[in-house]
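Letter by letter, the chains look like this.
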Amino acid sequence: MLTRTVANPLTTLERRALQSLSTPDGGMLIVAADQRNGMKAAIPDAPGGPDAITREELSAVKADLVRHLAVHAPAILLDPEVALPAVVDDGVLDRDTALVVGLDASGFETVDGLRYTRFVPGVTPRTVRELGGGVAKMLYYTRPDRQGRDSRVADEMRALIAECEVEGLLLIVELLTYRLDDETEEEYADAFPALVAEGAALAVAAGAKILKLQYPGSAEASAAVTEAAQGVPWAVLSAGVDHETFIGQVTTAVANGAAGAMAGRSLWKDSLSYDAARREELLTTRALPRLRELAAAVDGRG
């Protein structure tokens, strides 16, 4: 029996970090709660509307999301602008729940029709350590049909991967592909599965060791992503789809080589409230059962 050679093998330290993100059966499972404006939009009963929610009010919502949902998962992804360091300093985050810190700021800049993300100002891999995190995450927008291994985005990936290695941090590289201005919806839909797979190959060539990717659309496309990843573990992101749809996507992806899932809005987008008591009720009766179902899918029991 042939053993696949992993393109970018994990160090011992990184392997321990990956274990902290995984279920007892070995499936990667992270609750994503690093959204800022997206999470505000999921709080429909806020006085004055979602845009009126203050940083302190959003911080309280994130703390309850950790307290009532994420502590039941192996790991939580949080932002360094609103959630941290409060959830650590206030003792909200359970010691058995690993902390992943997102480095990317909200939004993106566009240069020559291509999108680029930015770091949260002042946040570095060293900051992740100072905030109590053991894993970092950075989002990159990719169009691998127009961006090769010598492109700006590939250079940015390589630089951050190297910086995290120096700091002893495992970096999750998140990729999002997107439709170009001169591209029709049909053209983009046709290209999408290949863009996800080719984006994975681009990131792996830059040295990525863990990938967070869009669901490429089918079992065949998931297998193609696994092939492109060359043994590098990849997890499916929920992209805001409904829970039932995401369970189906994760089940298919895992059956075709994916290592797990990172879920945000599919778990909690209809389980948040401005009222703390209502928030606790929704998170425990609606979002938590979804998390348990997702864990079963990640472990191939769905």
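Preceding this paragraph is the structure being described.
What you are looking at is a predicted structure, and each value in this text was computed from that prediction instead of being measured.

Looking at where Glu-244 falls in the secondary structure, it is placed in helix 9 (residues 243-255). Judged by its relative accessible area of 59%, Glu-244 falls in the exposed class. Residues Glu-244 and Arg-290 lie 46 residues apart in sequence; the distance between their C-alpha atoms is 8.9 Å.

With that out of the way, let us pick up the pattern of salt bridges. Side-chain pairs of opposite charge can arise whenever the charged atoms involved come near each other. Within the structure shown, the criterion is met by 21 salt bridges. The closest approach of N and O atoms between Lys-62 and Asp-79, which form a salt bridge, is 2.8 Å. You can see Lys-62 sitting in helix 3 (residues 55-68) and its partner Asp-79 sitting in the loop between strand 2 (75-78) and helix 4 (86-89), a full 17 residues away along the chain. For the salt bridge of Lys-137 with Glu-174, the shortest nitrogen-to-oxygen distance reads 2.9 Å. Of this pair, Lys-137 sits in strand 6 (residues 135-141) while Glu-174 sits in strand 7 (residues 170-176), placing them 37 residues apart in sequence. For Lys-137, a relative accessible area of 2% puts it in the buried group. One salt-bridge network, held together by shared partners, links Asp-34, Asp-104, Lys-137, Glu-174 and Lys-212.

To summarise the sheet geometry, strands pair through backbone hydrogen bonds and adopt either a parallel or an antiparallel arrangement. Read around the closed barrel, eight strands run 1-2-3-6-7-8-9-10, paired in parallel fashion. Neighbour-to-neighbour, the strand axes of this sheet turn through a mean angle of 25°, independent of strand direction. Helix-sheet contacts for helix 1 (residues 12-20) involve strand 1 (28-32), strand 2, strand 3 (98-102), strand 6, strand 7 and strand 8 (210-213), and the interaxial angle to strand 7 is about 60°. The strands that helix 6 (residues 152-167) touches are strand 6 and strand 7; relative to strand 6, the one it contacts most, it runs at about 175°.

Its axis deflected by about 35° at Ala-287, helix 11 (residues 276-298) carries its strongest bend there, up to four residues before the proline Pro-289. Within the sequence span of helix 11, burial applies to Arg-279, Leu-282, Leu-283, Ala-287, Leu-288, Arg-290, Leu-291, Leu-294, Ala-295, Ala-296, Ala-297 and Val-298. Where helix 11 is buried, its residues touch strand 1, helix 3, helix 9, strand 10 (260-263) and helix 10 (265-268). Where helix 11 begins, one side-chain oxygen reaches toward the backbone nitrogen of Ala-277, 3.3 Å away; that side chain belongs to Asp-275. Looking one or two residues beyond helix 11, the residue adopting positive phi is Gly-300, at roughly 75°.

Here we come to the pairing of strand 6. Counting buried residues along strand 6, seven of its seven residues qualify, which places the element largely inside the surrounding structure. Two elements, strand 6 and strand 7, share seven bridges in a ladder whose sense is parallel. For Ala-136, the partnering residue across the bridge sits in strand 7 and is Leu-171. Of the crossover connections in this fold, the one passing from strand 6 over helix 6 to the parallel strand 7 is right-handed.

So, about the pairing of strand 2. Residue alternation in strand 2 divides its side chains into two sets, Ala-75 and Leu-77 and Ile-76 and Leu-78, and both sets are buried. As judged from the three bridges shared by strand 1 and strand 2, these two strands associate in the parallel manner. Note on strand 2: the bridge partner recorded for Ile-30 is Ala-75. The pairing of strand 2 with strand 3 spans four bridges and is classified as parallel. Residue pairing across strands places Ala-75 opposite Ala-98, the latter belonging to strand 3.

Before going further, it helps to examine the packing of aromatic side chains. Enumeration over the complete set of coordinates arrives at three aromatic pairs. Measuring from centroid to centroid gives 5.9 Å for Tyr-141 and Tyr-178, while their planes differ by 80°, and the two rings are edge-to-face. Of the two residues, Tyr-141 is situated in strand 6 and Tyr-178 in the loop between strand 7 and helix 7 (185-205); the sequence distance between them amounts to 37 residues. Take Tyr-141 and Tyr-178: they sit in the same class, and that class is buried. Aromatic pair Tyr-188 and Phe-192: ring centres 5.8 Å apart, planes at 75°, arrangement edge-to-face. On the criterion of helical spacing, the pair formed by Tyr-188 and Phe-192 is a turn pair, its members being four residues apart in helix 7. We note that Tyr-188, like Phe-192, is buried.

Conventions adopted
Residues numbered from 1 in each chain as written. Predicted model: local features only at pLDDT ≥ 70, side-chain atom pairs only at ≥ 80, totals over all residues. Heavy atoms only, no water. Helix = DSSP H or I, 4+ residues; strand = E, 2+ residues; numbered from the N terminus. Buried < 20%, exposed > 50% of the residue type's maximum accessible area, 1.4 Å probe, protein only. Salt bridge = Lys/Arg side-chain N within 4 Å of Asp/Glu carboxyl O. Pairing = 2+ DSSP bridges. Axes fitted to C-alpha atoms, helices over the stretch in contact; angles between N-to-C directions. Contact = heavy atoms within 4.5 Å. Bend = angle between axes of the 7 residues up to and from the residue. Polar contact = N/O pair within 3.5 Å; in protein donor to acceptor, adjacent residues only side chain to side chain. Right-handed = clockwise from strand over helix to strand, strands pointing away. Phe/Tyr/Trp six-rings, centres within 6.5 Å; stacked < 30°, edge-to-face > 60°.

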